[in-house]
Amino acid sequence: MTTQTYIVPCPHCGHKRQVSFHKGFWTETDHVFWSDGRIESDDWFEPTHTQQCPKCGKFFTRDPQGRLTMVDKPCTDKAILSYPQLRAAIKEVAGNPYSEEWARIEAWEAFNAFYQDADEIPKEEQEFNRSNMQRLLDFYHSLSPWRFTDTEFELNRLLGNRDACERMLEITCEEYIRQKKDFRIRRGLPWDDDKERWTRRYNNLMAELKAALDLPLKPYKK
């Protein structure tokens, strides 16, 4: 495992915060993947994309890690925002699509983590979470061209949109592979044209998502 320290500058006041990334290979890490995209691990973590400056208190979205400055200095500040912080961030970054999407995704994941073992969830929190999930769905629906994602499927499932989930599962293997290829090429990422491997991934994913339709309406461990 490798712990690295990066500088996260605040775009509002210029304060430079040192934050810690702890990364390792998944095969060497004790971790749990959740259907909402969360990763639980004692040996792997990175700061939330949404950050709050410790000096001026304003919220912002950090640059991708590859564009941050690394320093040769130990650091224990994980800079992972709490659910109340992420919920507050949504209002402040509204209007910036990139920042708002990250704030909403991370608030959704943090809500699920915070309440996953709760017997009761306050009504106001339930209503906020449903509204937040719907706003995320509206964002994904606005994308052109449409691209299949298991995140959109999970949002529909948790909102009780079974018909929408079933329609999403009608995507063919050929279309799934084409979308994966187009997505990676547009972002300059390498593409492995191994149709057999991608077909296995498609079949495994479809089997998992079909089984999830009959699970309780809460995130599940993958």
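Parameters and conventions
- Residues numbered from 1 in each chain as written.
- Predicted model: local features only at pLDDT ≥ 70, side-chain atom pairs only at ≥ 80, totals over all residues.
- Heavy atoms only, no water.
- Helix = DSSP H or I, 4+ residues; strand = E, 2+ residues; numbered from the N terminus.
- Buried < 20%, exposed > 50% of the residue type's maximum accessible area, 1.4 Å probe, protein only.
- Core = buried A, V, L, I, M, F, W, Y, C linked by side-chain atoms within 4.5 Å.
- Contact = heavy atoms within 4.5 Å.
- Axes fitted to C-alpha atoms, helices over the stretch in contact; angles between N-to-C directions.
- Parallel < 35°, antiparallel > 145°, perpendicular 65-115°, else oblique.
- Left-handed = near helix turned anticlockwise from the far one by under 90°.
- Disulfide = S-S within 2.5 Å.
- Nonpolar A, V, L, I, M, F, W, Y, C, P; charged D, E, K, R; others polar.

Asker: How would you explain the overall build of the protein chain if you had to name every residue and give the values?
Answerer: The helix and strand inventory of the protein chain stands at 7 helices and 7 strands. Listing each helix as α and each strand as β along the protein chain from the N terminus yields β-β-β-β-β-β-β-α-α-α-α-α-α-α. Across its three principal directions, the C-alpha atoms of the protein chain cover 50 × 45 × 35 Å. By residue count, 40% of the 222 residues in the protein chain fall in the buried class.

Asker: Lay out the nonpolar core in plain terms, naming residues and giving numbers.
Answerer: If you look at the biggest cluster of nonpolar residues, it comprises 18 residues, and the most contacted ones within it are Phe148, Phe153, Tyr176, Met206 and Leu209. Only helix H5 (162-168), helix H6 (173-186) and helix H7 (195-212) provide two or more residues apiece to this core. If you tally residues by element for this core, the top one is H7, at 6 residues. For methionine 206, the contacting residues outside a window of four places in its chain are Phe148, Leu169 and Ile171.

Asker: Residue-level account of the packing of helix H3 (residues 123-141) against helix H4 (residues 150-158), with values.
Answerer: Relative to each other, H3 and H4 sit at 140°, their axes nearing to 10 Å. Comparing their axes, H4 and H3 come out oblique. Here H3 runs over H4; the crossing is left-handed. Residues Arg130, Met133, Leu136, Leu137, Tyr140 and His141 of H3 touch H4, and the partners they reach there are Thr151, Glu152, Leu155, Asn156 and Leu158.

Asker: Would you mind going over the state of the cysteines in detail, with residue names and values included?
Answerer: Here the structure, examined in full by the defined rule, presents 0 disulfides. No disulfide involves cysteine 53; its nearest neighbouring cysteine sulfur is the one of cysteine 13, lying 3.6 Å away. Note on cysteine 75: no disulfide assigned, nearest cysteine sulfur contributed by cysteine 53 at a separation of 15 Å.

Asker: Can you break down the packing of helix H1 (residues 83-93) against helix H2 (residues 97-115) residue by residue, with the values?
Answerer: How two helices sit against one another is set out by the angle between their axes and by the gap between those axes. In the contact formed by H1 and H2, the axes pass within 8 Å of each other and the chain directions differ by 160°. When the axis of H1 is compared with that of H2, the two are roughly antiparallel. Considering the relative orientation of H1 and H2, their crossing is left-handed. Between H1, through Tyr83, Leu86, Arg87, Ile90 and Val93, and H2, the contact on the second element is made entirely by Ser99, Glu100, Ala103, Arg104, Glu106, Ala107, Ala110, Phe111 and Tyr115. Split by residue class, the contact of H1 with H2 holds 9 nonpolar, 1 polar and 4 charged.

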